[in-house]
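Fold and geometry: a report
Residue-level listing of the chains:
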Amino acid sequence: QVQLVESGGGLVQAGGSLRLSCAASGRTFTIYRMGWFRQAPGKEREFVATITKSGDSIIYADSVKGRFTISRDNAQDTVNLQMNSLKPEDTAVYYCAAVIYGVGEYRFWGQGTQVTVSS
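The sections below set out a description of the structure shown in this document. (Residues numbered from 1 in each chain as written. Predicted model: local features only at pLDDT ≥ 70, side-chain atom pairs only at ≥ 80, totals over all residues. Heavy atoms only, no water.)

Comments concerning the pattern of salt bridges
- Enumeration over the complete set of coordinates arrives at 5 salt bridges.
- A salt bridge links Asp-90 to Arg-38; the shortest N-O distance between them is 2.9 Å. Pair noted here: Asp-90 is in the loop between β8 (78-83) and β9 (92-100) and Arg-38 is in strand β4 (residues 31-39), with a separation of 52 residues, a long-range link.
- For Asp-90, a relative accessible area of 1% translates into the label buried.
- Between Arg-107 and Glu-105 there is a salt bridge, and its shortest N-O distance comes to 3.5 Å. (Salt bridge = Lys/Arg side-chain N within 4 Å of Asp/Glu carboxyl O. Helix = DSSP H or I, 4+ residues; strand = E, 2+ residues; numbered from the N terminus. Buried < 20%, exposed > 50% of the residue type's maximum accessible area, 1.4 Å probe, protein only.)

Written out as structure tokens, the structure reads:
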């Protein structure tokens, strides 16, 4: 099992920045890939960004390219999401998720952290 805990959400004005962190614990050696997703009120959950444990594969949603940066610290078992030039449409609950080796889907999820961007 893998446990994920997000932190760093909050309220920020449009154009501002926030840094989200996701701390993994448990069988972290089984993690292949970690990602960030978000869900705005009344909308489906959507993909934001993902990174492999080796860092050799990073993918962003078109809506955040050039503004968000995903990174990971394997020594700390954390994955971070630096969010710059935030827009009101970035307002959502942000979730961290993990894919483990041998399973081709995000099996483990955090509880989410709220990001609110005011105009």
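A short note on the state of the cysteines
- According to the stated counting rule, one finds 1 disulfide in the structure shown.
- The disulfide partner of Cys-22 is Cys-96, and the gap between their sulfur atoms is 2.1 Å. Across the disulfide from Cys-22 to Cys-96, rotation about the S-S bond amounts to roughly -80 degrees, and the bridge is consequently left-handed. Residue Cys-22 is located in strand β3 (residues 18-26), and its partner Cys-96 is located in strand β9; the two are separated by 74 residues in the primary sequence.
- Residue classification places Cys-96 among the buried positions, given a relative accessible area of 0%. (Disulfide = S-S within 2.5 Å.)

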